[in-house]
Amino acid sequence: MAEERQSIHGQWSSRMAFILAATGSAVGLGNIWKFPYITGEHGGGAFVLVYLLCIFLIGIPVMMAEILLGRRGRQSPINTMRSLAKEEKLPAIWKYLGWMGVLAGFLILSYYSVIAGWALAYVFRTGSGLFTGATSDGAQTIFAELIADPERLLAWHTLFVVMTMIIVARGVKSGLEKAVRYLMPLLIGILVMLVGYAMSEGAFQEGLHFLFDPDFSKLDETAILTAMGHSFFTLSLGMGAIMVYGSYLPKNTSITKTSIIVALADTAVALMAGMAIFPIVFANGMEPGAGPGLIFQTLPIAFGQMPGGVFFGTLFFVLLVFAAWTSAISLIEPAVAWLVENHGQTRIYASVIAGFVTWFVGLATVFSFNIWSDVKYWDMTPFDLLDYLTSNIMLPLGGLLIAVFTGWLMSRQSVQDELAMRYKGLFNFWYGVLIRVVAPFGVIVVFLNAIGVLD
Ligand code: TRP
């Protein structure tokens, strides 16, 4: 076995610290903003079913592989892939897997921070009592006014990028742990409350029926690809975020258990968000396929009508910003770790550079909702295109390559040593079935299906 490396960026203080950081990365806008709106666009139940299958059959196994590679390489994903390829006598080209991840991270963060900016704006809109007594029309108008104004979107986007870079500059390990430990349970608490509201005031049955009753006639190739892409997105997989977090993981922690915990927490949050939102959608005669504005048009109605809504609503959006924040830092950490390793930059300098690039690319998303709303490529706005390219192509491709590298190219001995699973049978199942066959071929089949090869 190769000599054990140490990360120059330090280690998590405990297994719990890693679980919290990885959960912080996984749970974010993907769960609360994106999952409900893409579920709405793709017809509900059948989409949710495919998403769940992808989480369990592809997501969890790939998460284990990605953490394992990170912990073995102990560097930024680019250098980790380079060292592991060398160690396993594989071509150096594997470092480009790390590069693709860095690129995907920039592209995702560029639009992620614009949406997080909406959440920031909503902290103040809810806090000022703007939504008190709001109807669905009122909530829709307030949202439409926000996104029609490029200057305001730009200001909130800029603020969110700056917030993210401050934490990244200080190092993702300090402070994050405590914040996630207390704020994540609070976020879940508010979601439970919202589900409670939906049960009493919303069309709860109809909402559940939409989410959990699969209607396969609504499941086209794009829906399947989107569901798979989202399973990578929501678990932060396929671009090196979890790999770089894994590189700070102490040697003796169980990768299997931690992966399962993180994935279950992430899935629970997404399903709760869906159960809170769709009953409100149906009770107010709204469109489930309303698109990216869905949560901003539905939840304010609930907050506008429940007792204490100003308080709970404000708290909710604060926590949503926070959840987005702990996700955003993981999107940029691979690039920053690389700048520090290879260019001897300080974290501060590296963060400023990375932040500037993100901010600049983010302009495309800011303008997608107003002055560029007619700019379409393949029928998609720049924002849609960025999302499609990253979630539906780059992340699954990254996941596929991670599965191939771990399952087919690394020596079985290295994989087994690093994973150190207690139960042999479980390892054989993960290795022989999931990571070698189900995950890579699953991704390939969904890709081929989406481009119409399998018709
Ligand atoms: N998983 C986060 C969310 O659901 C977003 C995110 C953070 C992410 N890091 C990532 C997505 C890395 C893909 C890859 O909001």
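Further up the page is the structure itself.
Conventions used here
Residues numbered from 1 in each chain as written. Predicted model: local features only at pLDDT ≥ 70, side-chain atom pairs only at ≥ 80, totals over all residues. Heavy atoms only, no water. Helix = DSSP H or I, 4+ residues; strand = E, 2+ residues; numbered from the N terminus. Rg over C-alpha atoms; globule rule 2.2 N^0.38 Å. Contact = heavy atoms within 4.5 Å. Areas by Shrake-Rupley, 256 points an atom, 1.4 Å probe, with all protein chains shown as cover. Axes fitted to C-alpha atoms, helices over the stretch in contact; angles between N-to-C directions. Parallel < 35°, antiparallel > 145°, perpendicular 65-115°, else oblique. Core = buried A, V, L, I, M, F, W, Y, C linked by side-chain atoms within 4.5 Å. Buried < 20%, exposed > 50% of the residue type's maximum accessible area, 1.4 Å probe, protein only. Near = heavy atom within 4 Å. Polar contact = N/O pair within 3.5 Å; in protein donor to acceptor, adjacent residues only side chain to side chain. 1 Å grid on protein atoms, 1.4 Å probe; cavity = no way out; pocket = protein on both sides within 12 Å on 5 of 7 lines; lining within 4 Å. Sits in = over half its atoms within 2 Å of the grid points. Nonpolar A, V, L, I, M, F, W, Y, C, P; charged D, E, K, R; others polar.

Caption draft 1: Examining the overall build of the chain more closely. Secondary structure assignment for the chain yields 18 helices and 0 strands. What you see for the chain is a C-alpha radius of gyration of 21 Å, in line with the 23 Å of a compact globule of 455 residues. In terms of principal-axis extent, the alpha carbons of the chain reach across some 65 × 50 × 40 Å. Taking all contacts inside the chain whose residues are at least 6 apart in sequence as the whole, residues at least 24 apart take part in 84%. Counting every atom, the chain has about 17,000 Å² of accessible surface; 66% of that belongs to carbon and sulfur.

Caption draft 2: Here's a closer look at the packing of helix α4 (residues 77–87) against helix α14 (residues 309–343). At a minimum axis distance of 8 Å, the contact between α4 and α14 shows a crossing angle of 70°. As far as their axial angle goes, α14 and α4 are roughly perpendicular. Judged by residue contacts, Pro77, Ile78, Asn79 and Arg82 of α4 engage Pro334, Trp338, Glu341 and Asn342 from α14.

Caption draft 3: Representation of the nonpolar core in the model. The biggest cluster of nonpolar side chains holds 170 residues, and the ones touching the most others in it are Trp33, Trp118, Leu194, Phe296, Phe316 and Trp430. Element by element, the count of residues in this core is highest for helix α5 (residues 95–127), at 19 residues. The residues contacting tryptophan 430, other than those within four sequence positions of it, are Pro61, Met64, Ala65, Leu68, Thr406, Val415, Leu419, Met421 and Ile435.

Caption draft 4: Molecular detail of the site of the ligand. The local shell around the ligand holds 17 residues, among which Ala26, Gly30, Tyr112, Phe233 and Ser330 are the closest. Serine 25 is positioned such that a nitrogen or oxygen atom in its backbone is 3.2 Å from a nitrogen atom of the ligand. Take leucine 29: an N or O atom from its main chain is 3.1 Å from an oxygen atom of the ligand. Summarising the interface, the protein chains cover 100% of the accessible area of the ligand, which totals 360 Å² for the free molecule. At a threshold of 2 Å from the grid points, most atoms of the ligand map onto the largest cavity. Grouping the amino acids of the shell around the ligand by side-chain chemistry returns 9 nonpolar, 8 polar and no charged.

Caption draft 5: Spatial organisation of the environment of alanine 403. Locating alanine 403 in the fold gives a position in helix α16 (residues 382–409). Each C-alpha atom, one on alanine 403 and one on alanine 65, is 6.8 Å from the other, the two residues being 338 residues apart in sequence. Beyond its immediate chain neighbours, meaning those up to four positions away, alanine 403 contacts Trp408, Ile435, Ala439 and Pro440.

Purely geometric stuff here, so don't read any function into it on its own.
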